[in-house]
Amino acid sequence: MASSKPIIRQINWLSLIPQIIVFCLILSIFHLLRADDAFLFSAVSYFCLTFLLKLMIPINHRKGIKYFKSGNYEKAVLEFGKSRQFFTRHRWIDKYRSLFLLSSSRISYLEMAMINAAFCYSQNGDGKKSKELYEETLLMFPDSQIALSALKLYESAQSIKQD
């Protein structure tokens, strides 16, 4: 089902390498066990593992996305805040997300949490808090094109108001 909310997914194609390695390790295990359909069992195991990791670890991120999609931006901000706290404490999980979460996202969960919370603030009409969070995101992630674009949009809107 297509979302009516703007969700951006950027893929880091190099992150697929560790995921392929994990799949090959699972395949090797099934070959060692002499399973008849080793490839099928490996594929099912890999997808179950991916599902479980994404279900259990970035729990608040998922809840935030759910609230975001339903338009409940206040609850989404709270969940993205919890996600931010978790990935701040456990940066190694986020740094190696392609291995530990089997995620191929180009941007980190920490950056996503900050950007998503900033967007939610803007949807609730709190432009000041939104702008502050986008600026904070740029301080932590200077290459964040999403935060940079949002700030340029904010500045453009300000110049329209002044004209």
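Basis of the calculations
- Residues numbered from 1 in each chain as written.
- Predicted model: local features only at pLDDT ≥ 70, side-chain atom pairs only at ≥ 80, totals over all residues.
- Heavy atoms only, no water.
- Helix = DSSP H or I, 4+ residues; strand = E, 2+ residues; numbered from the N terminus.
- Buried < 20%, exposed > 50% of the residue type's maximum accessible area, 1.4 Å probe, protein only.
- Contact = heavy atoms within 4.5 Å.
- Areas by Shrake-Rupley, 256 points an atom, 1.4 Å probe, with all protein chains shown as cover.
- Lys, Arg positive; Asp, Glu negative; His and termini not counted.
- Charge placed at Lys NZ, Arg CZ, Asp CG, Glu CD.
- Phe/Tyr/Trp six-rings, centres within 6.5 Å; stacked < 30°, edge-to-face > 60°.
- Lys NZ or Arg CZ within 6 Å of the ring centre and 35° of its normal.
- Expected span 1.5 Å × (residues − 1).
- Arc of directions from axis to C-beta.
- Axes fitted to C-alpha atoms, helices over the stretch in contact; angles between N-to-C directions.
- Parallel < 35°, antiparallel > 145°, perpendicular 65-115°, else oblique.
- Left-handed = near helix turned anticlockwise from the far one by under 90°.
- Nonpolar A, V, L, I, M, F, W, Y, C, P; charged D, E, K, R; others polar.
- Disulfide = S-S within 2.5 Å.

Novice: Could you give me a rundown of the overall build of the protein, with the residues and numbers involved?
Specialist: From N to C terminus, the protein includes 9 helices and 0 strands. Secondary structure elements of the protein occur, N-terminal to C-terminal, as α-α-α-α-α-α-α-α-α. Taking the principal axes of the C-alpha coordinates as reference, the protein spans close to 70 × 30 × 30 Å. For the protein, the residues scored as buried account for 36% of the 163 residues in total. Residue pairs in contact within the protein that sit at least 24 positions apart in sequence constitute 52% of those at least 6 positions apart. For the protein, the computed accessible surface area is about 10,600 Å², with 62% contributed by carbon and sulfur atoms. Charge separation in the protein, taken as the distance between the mean sites of 21 positive and 13 negative side-chain charges, equals 5 Å.

Novice: Explain the packing of aromatic side chains to me, and be specific about the residues and the numbers.
Specialist: Scanning all chains against the criterion turns up 9 aromatic pairs. Seen in terms of ring centroids, Trp92 and Phe100 are 5.2 Å apart; in terms of plane orientation they differ by 90°. Their pairing is edge-to-face. Members of the aromatic cluster, joined through ring pairs, are Phe23, Phe39, Tyr46 and Phe47. Its end group placed over the ring of Tyr67, Lys66 keeps NZ or CZ at 5.0 Å from the ring centre.

Novice: How would you sum up helix α3 (residues 59-70)? Please name residues and give values.
Specialist: For α3, with 12 residues, the first-to-last C-alpha span of 17 Å sits near the 16 Å given by 1.5 Å per residue. Burial in α3 covers these residues: Asn60, His61, Gly64, Ile65 and Phe68. Along the long axis of α3, the arc covered by the buried residues comes to 140°, so they all point the same way. In α3, those exposed residues whose orientation departs by more than 90 degrees from the buried face are Lys66 and Ser70. For α3, the secondary structure elements touched by its buried residues are α4 (73-89) and α7 (109-123).

Novice: Which residues make up the packing of α3 against α4, and what are the values?
Specialist: Packing of α3 against α4 brings their axes to within 8 Å, and their N-to-C directions diverge by 165°. The orientation of α3 relative to α4 falls into the category roughly antiparallel. Read as a crossing pair, α3 and α4 show a hand that is left-handed. Every residue of α4 that contacts α3 at Asn60, His61, Lys63, Gly64, Ile65, Tyr67 and Phe68 is listed here: Tyr73, Lys75, Ala76, Glu79, Phe80, Lys82 and Ser83. Residues belonging to the contact of α3 with α4 are distributed by class as follows: 6 nonpolar, 4 polar and 4 charged.

Novice: Give me the lowdown on the environment of Asn116, citing residues and values where you can.
Specialist: Mapped onto the elements of the fold, Asn116 is located in helix α7. With a relative accessible area of 16%, Asn116 lands in the buried category. In this structure the C-alpha to C-alpha distance between Asn116 and Ala147, which are 31 residues apart in sequence, comes to 9.9 Å. When sequence neighbours within four positions are dropped, the list of residues in contact with Asn116 reads His61, Ile65 and Phe80.

Novice: Describe the state of the cysteines, naming the residues involved and giving the relevant values.
Specialist: This structure, assessed with the given rule, holds 0 disulfides. With no disulfide of its own, Cys48 lies closest to Cys24 among cysteine sulfurs, the gap being 18 Å. Classification of Cys48 as partly exposed rests on a relative accessible area of 42%.

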